[in-house]
Amino acid sequence: MYLEFYKYHGTGNDFILIDNRDDSFNAKNIDLIKTLGNRQLGIGADGIILLENSDKYDFKMVYYNTDGSTGSMCGNGGRCIVAFAKMFKIIEDDAVFEAADGIHKATIDKNDVVNLQLMDVGFILEDSGYLFLNTGSPHHVQFVSNVSKIKVKSKGKKIRNSSTYSPKGTNVNFVEQINKDTFKVRTYERGVEDETLSCGTGVTAVAIAAYQIQKTTNTTVNVETNGGLLEVSFLKADDSYTNIYLRGATKLVYKGFWVK
């Protein structure tokens, strides 16, 4: 028996995507999810994403971390599933879909560049040396002078598991400003429990945090990751950030079959 899957990445953040519109994938099999995501024993990815039917929208996105747990919203994963849905002709150039944090709109061009709307952001905690906000997933944002020298895995793990964020933890972003509208970020991802090449909700959190503390006055911000460049745009309305969009390329890497 074979499980058909597709491997995608968005600026290096890689995912196993499965068409589960027939409900054939056993999501209760945590060991299977862990094995699929394992880079030594399985296919390997930062996350596993199921495309499922929706009663009201184009489709539903169900995200799993590679430790088998259900994940919160994943920005790059959301961009990849839009490209996946277009490949199956579920959508054309526009999409509206369900995810863990609510409803998302997106557009996709002929080069599979996806512009994904993320949830509005209201509450932002500004503390000594960092900011905390939720862009669909929780993010600690810390500005540093030389991000290339940061030991992301050890420092990120310590912050992620600190009492400040107990019991669920947080994603951790270390950020260096490059110029007035460009920032470079490295992210420790909760659920992956390591540094990833890119994190879409993390990039979004960085752009909003930078504007919040006036490191930039631009409402369109470029964010460099180790996997590539992403663009975040937004509007500031009173104490909230609205019309938040994450834009960047997606890539189908390969199609395969897992022997169950």
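In what follows, the structure referred to is the one given above.
Description of the structure in this document.

Here's the deal with the pattern of salt bridges
All chains considered together, the criterion is met by nine salt bridges. The salt bridge involving Glu4 is made with Lys255; its shortest N-O contact spans 3.6 Å. Of this pair, Glu4 sits in strand β1 (residues 2-10) while Lys255 sits in strand β17 (residues 251-259); the two residues are 251 residues apart in sequence, bridging distant segments of the chain. The class of Lys255 is partly exposed, set by a relative accessible area of 46%. The residue Glu195 makes a salt bridge to Arg186 at a minimum N-O spacing of 2.8 Å. Here the salt bridges share partners, and the residues they tie into one network are Lys7, Asp14, Arg39 and Asp46.

Observations concerning the packing of aromatic side chains
For the coordinates displayed, the defined rule picks out 13 aromatic pairs. Ring geometry for Tyr6 against Phe88: centres 5.6 Å apart, planes inclined by 80°, an arrangement best described as edge-to-face. Here Phe88 lies in the loop between α2 (75-87) and β5 (94-99) and Tyr6 lies in strand β1, a separation of 82 residues in the sequence. Ring centres of Tyr8 and Phe84 lie 5.9 Å apart, and the angle between their planes is 80°; on these two criteria the pair is classed as edge-to-face. Taken together, the positions of Tyr8 in strand β1 and Phe84 in helix α2 put the pair 76 residues apart, joining distant regions of the chain. For Tyr8, a relative accessible area of 3% translates into the label buried. Take Phe84: its relative accessible area is 0%, and that puts it in the buried class. Joined through ring pairs, the aromatic side chains of Tyr6, Tyr8, Phe84 and Phe88 make up one cluster.

Quick look at the nonpolar core
Membership of the largest hydrophobic core comes to 49 residues, with the highest contact counts inside it found for Phe59, Met61 and Ile81. With seven residues, helix α4 (residues 200-212) is the single largest residue contributor to this core. Non-local contacts of Phe59, meaning those with residues more than four positions away in its chain, are made with Leu51, Glu52, Ser54, Ile81, Val82, Ala85, Ile90, Ile91, Ala95, Val96, Phe97 and Glu98. Of all hydrophobic cores here, the second largest spans 15 residues; its members include Leu36, Ile43, Ala45 and Ile48.

Some details on α2
The end-to-end C-alpha separation of α2 is 19 Å, in line with the 18 Å expected for 13 residues at 1.5 Å each. Most of α2 sits inside the fold, with 11 of its 13 residues counted as buried.

About the thresholds
Residues numbered from 1 in each chain as written. Predicted model: local features only at pLDDT ≥ 70, side-chain atom pairs only at ≥ 80, totals over all residues. Heavy atoms only, no water. Salt bridge = Lys/Arg side-chain N within 4 Å of Asp/Glu carboxyl O. Helix = DSSP H or I, 4+ residues; strand = E, 2+ residues; numbered from the N terminus. Buried < 20%, exposed > 50% of the residue type's maximum accessible area, 1.4 Å probe, protein only. Phe/Tyr/Trp six-rings, centres within 6.5 Å; stacked < 30°, edge-to-face > 60°. Core = buried A, V, L, I, M, F, W, Y, C linked by side-chain atoms within 4.5 Å. Contact = heavy atoms within 4.5 Å. Expected span 1.5 Å × (residues − 1).

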